[in-house]
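Working through the structure, step by step
Here is how the chains run, residue by residue.
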Amino acid sequence: MATTPKTRPPAKRKPSAAGRASRDEPPLLEWISAAIGLACALVAIGFVGWDALLGERSPPAVEVRLMAVTPTPHGFVAEVEAINHGGSPAAQVAIEGVLSGEGEPETAQATLDYIPERSRAKGGLVFEHDPRAGRLVLRAKGFADVS
Amino acid sequence: MDANAAYGRALARAFGGALLFSFPLLMTMEMWSLGMAVERWRLLAFLLLSLPMLLGLSYYAGFEPTFRLKDEVLDALAAFGVGFLLAALLLAVFGVFERPGPFWRADLGKIALCAVPGAIGALVAGKQLGEDAPSSRERSEAGTLGELFLMAVGALFLAFNVAPTEEMILIAYQMGPLQALLLMALSVLLLHAFVYRLGFPGESRRRAARGPLRTFVGFTAPGYGVALIVSLYLLWTFGRTDGVAPHEIATMTIVLAFPAALGAATARLVV
């Protein structure tokens, strides 16, 4: 590695640095990594600052959609997707599906841990009867503020 | 080319240090939820404060043996980049980010929050994992303000590891006033003992030369004050103080000040 020992001209050194050992110009790699670091810092600060200034603060608004129904030996599994259209995240979102057909309406519920703003989370509701046969109403019943 | 190779090694060390110091946080659930829940102004303030802190830390423990302002700035920025990229990579590997949908503010919040401890680790690694011992000249140069700064960084660093967890609040709920006072006394005692009596490496001999009372007034008391302030600041940043009764905030601060005091005491060890 040290086959080409560099002899640096002493004129380049700065003797003004109070007698401290001052190095030569930082290597190129140092500039590159610092530039990447600067970019990361600017992205983080820029986005967070932009969000703090202009970000929307509307409450969570959760829509629940039916994705697919799969018959299993342990009931009909309705895979659902909860989409938070609001501007704040929601925690412990209770979602409920009411299946009304002939006879008593059937209710199934699940709790989703977190749904960030403008994001979606998935879960499943399990029914005894086929949700495709009756009328299925899906909705979010409530949530807690994220902390 | 030699300088570049040396810097590359230092950079790899920085990644190692950042990994070592930030993985407990990256693998803590509360950090992910806090990343999206922390109020944006507080997160912004935290990020903006972290840059001068990294700059100061780079002066005392940079991963390049530097003295000049330009180098300190470059090191601090590189350290932030290391922390940021490492947090982004590991959180992605851990599957923390929402699978569908674009990369958005919740994800960025998580990365930004985890980037800072990673960056501290990256800077500290230069000293901890480095080949050359830090010059004693640098250390003795730290004046009273420098000492307080290092104590604050140490406190922040250790307290940060537990501050986001629910347990801090839970412990505060469990403790009565007497226990809180006891924990306070214990923190101060440990802070005093760790720094000035146990003879850890990094203990300053010139301080031991002073009387115990002067040492206590001059260093231990301000050190615990720093630990309290750092703890309160962290709790506030994480929104743990919102809508909480003052005495409960005080207890939480005392609870968090326990690890913070240990961090302040061992700052010289780590940083």
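Before reading on, note that the structure itself is shown above.
Calculation criteria
- Residues numbered from 1 in each chain as written.
- Chains lettered and ligands numbered in written order.
- Predicted model: local features only at pLDDT ≥ 70, side-chain atom pairs only at ≥ 80, totals over all residues.
- Helix = DSSP H or I, 4+ residues; strand = E, 2+ residues; numbered from the N terminus.
- Buried ≥ 20, exposed ≤ 12 C-beta atoms within 10 Å, placed from the backbone.
- Contact = placed C-beta atoms within 7 Å.
- Nonpolar A, V, L, I, M, F, W, Y, C, P; charged D, E, K, R; others polar.
- Pairing = 2+ DSSP bridges.

Attention now goes to the overall build of chain B. Helix and strand counts for chain B stand at 13 helices and 0 strands. Listing each helix as α and each strand as β along chain B from the N terminus yields α-α-α-α-α-α-α-α-α-α-α-α-α. Relative to its 271 residues, chain B shows a buried fraction of 48%. At a minimum sequence separation of 6, the contacts of chain B that also span at least 24 residues come to 85%.

Glancing now at the interface of chain B and chain A. Taken together, the contact between chain B and chain A spans 37 residues of the former and 32 residues of the latter. Where the side of chain B that touches chain A is concerned, the elements lending two or more residues are helix 1 (2-26), helix 2 (29-37), helix 3 (40-61), helix 4 (69-93) and helix 5 (105-128) of chain B. With 9 residues, the single largest contributor to the side of chain B that touches chain A is helix 4 of chain B. By residue class, the composition of the side of chain B that touches chain A is 25 nonpolar, 6 polar and 6 charged.

Quick look at the pairing of strand 1 (residues 62-72) of chain A now. All names here are of chain A. The pairing of strand 1 with strand 2 (residues 75-84) spans 10 bridges and is classified as antiparallel. Note that in strand 2 the partner of Pro-71 across the bridge is Phe-76. Joining the antiparallel neighbours strand 1 and strand 2 is a turn of 2 residues.

This is a description of form; function is not addressed.
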